[in-house]
Amino acid sequence: MAAVVSRYARALADLAMEKHLDPAQTVAELNGLAGVVAQSQELRTVLENPSVPSRQKLAVLDSIVARLGVSRYLRNFVAVVMDHRRIAALPEIARQFALELDSRLGFAEAEITSARELAEEEKRDLTARLEKLTGKKIRPRYHRDPQVLGGALIRIGSTVYDGTVRGQLRRLKEQLAGT
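Analysis parameters
- Along each chain, the written sequence defines residue order, and numbers are assigned to residues from 1.
- Thresholds applied to this predicted model are a pLDDT of at least 70 for local features of residues and 80 or more for the giving and counting of side-chain atom pairs; totals over whole chains, interfaces and linings are not thresholded and use all residues.
- The basis for every side-chain value is the complete set of heavy atoms in the structure, and neither hydrogens nor water enter the calculation.
- Any Lys or Arg side-chain nitrogen located within 4 Å of an Asp or Glu carboxyl oxygen qualifies as a salt bridge.
- Each residue is placed in one exposure class: buried if its accessible area under a 1.4 Å probe, protein chains only, is under 20% of its type's maximum, exposed if it is over 50%, and partly exposed if it falls in between.
- Elements are defined by DSSP. Helices are runs of H or I of four residues or more, strands are runs of E of two residues or more, and each kind is numbered from the N terminus.
- Note: two strands are recorded as paired if DSSP finds a minimum of 2 bridges between them.
- The definition of a right-handed crossover adopted here requires that, viewed with the strands pointing away, the path from the first strand over the helix to the second runs clockwise.
- Centre distance within 6.5 Å is the pairing criterion for rings of Phe, Tyr and Trp, where only the six-membered ring of Trp is used; planes under 30 degrees apart are then read as stacked, over 60 as edge-to-face, and the remainder as tilted.
- In this scheme, the term charge over a ring applies when either NZ of a lysine or CZ of an arginine sits within 6 Å of the ring centre and within 35 degrees of the ring normal.

Enquirer: Any details on the pattern of salt bridges? Residues and values, ideally.
Expert: For the structure shown, the criterion picks out 14 salt bridges. Ionic pairing is found between lysine 137 and glutamate 131, a salt bridge with its closest N-O pair at 3.4 Å. Judged by its relative accessible area of 46%, lysine 137 is partly exposed. Where salt bridges share partners, they join Asp14, Glu100 and Arg104 into one cluster.

Laid out in structure tokens, this is it:
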């Protein structure tokens, strides 16, 4: 299913780039549609049911699109997803689409966990270092975790940078055991 989700997300990202759609607005609109679909079991049942005629499904989609103010391109994209019986995957497609757009636009999200609340200057310095390290514009999200004794644990995509005291002690132990 992950391959299917990625394929749809890439196709929508291609469309957004080709048609010069506002990335933030497109992500917000898709998240809105995905949220409506995810919240209503009855709606999913209707949209996934092969015995419901396509005309009726499109009418339901059009009423949702009109209420949410979704673009024509996004409406057509969701109609294709619906036509291929992948509407249940719409929330995951929306998540993957946001990641795909970020990647194409040179952004990366960083989850930064530290033992204490970082000062604004520390946050700016850390963000600047991460941007230099990755070559991308970083969107940081900061979390506090008292289990982190000191330093920070940073996750960017699937890469983890462990600058915690516990991580440093573990590396020191491995070095000593290796000699």
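Enquirer: Could you give an account of unusual backbone geometry, naming the residues involved and the relevant values?
Expert: Look at histidine 20: it is not a glycine, yet its phi comes out positive at around 55 degrees. Residue histidine 20 is classed as exposed on the basis of its relative accessible area, which comes to 72%. Positive phi values are uncommon outside glycine, yet arginine 85 reaches one of about 55 degrees. Along the chain, arginine 85 falls in the loop between helix H5 (72-83) and helix H6 (90-105).

Enquirer: Requested: an account of the pairing of strand E2 (residues 137-144), with residues and values cited.
Expert: Relative to E2, strand E1 (residues 107-114) runs parallel, the two being bridged by eight bridges. Within E2, the residue paired with alanine 110 across the bridge is proline 140. For the handedness criterion, the β-α-β arrangement of E1, helix H7 (residues 120-134) and E2 is classed as right-handed.

Enquirer: Explain the packing of aromatic side chains to me, using residue names and the numbers behind them.
Expert: All chains considered together, the criterion is met by one aromatic pair. Arranged with centres 6.3 Å apart and planes meeting at 75 degrees, the rings of tyrosine 8 and phenylalanine 77 form a pair that is edge-to-face. Placement of tyrosine 8 in helix H1 (residues 2-18) and of phenylalanine 77 in helix H5 is noted, with a sequence separation of 69 residues between them. Above the face of the tyrosine 73 ring, arginine 72 is positioned so that its terminal group lies 4.7 Å from the ring centre. Over the ring of phenylalanine 107 we find arginine 139, and its NZ or CZ is 4.1 Å from the ring centre.

Enquirer: Go over the pairing of strand E3 (residues 152-156), please, and point to the residues and values.
Expert: Taking every second residue as pointing to the same face, the buried face of E3 carries Ala152, Ile154 and Ile156, while none of Leu153 and Arg155 on the other face is buried. Note: E1 against E3, five bridges, orientation antiparallel. In the sheet register, serine 114 faces E3, and the bridge partner there is alanine 152. Across four bridges, E3 lies against strand E4 (residues 159-162) in antiparallel orientation. Opposite isoleucine 154, over in E4, you have tyrosine 161 as the bridge partner. Counting the residues in the hairpin turn of E3 and E4 gives two residues, including glycine 157, whose phi is positive at 65 degrees.

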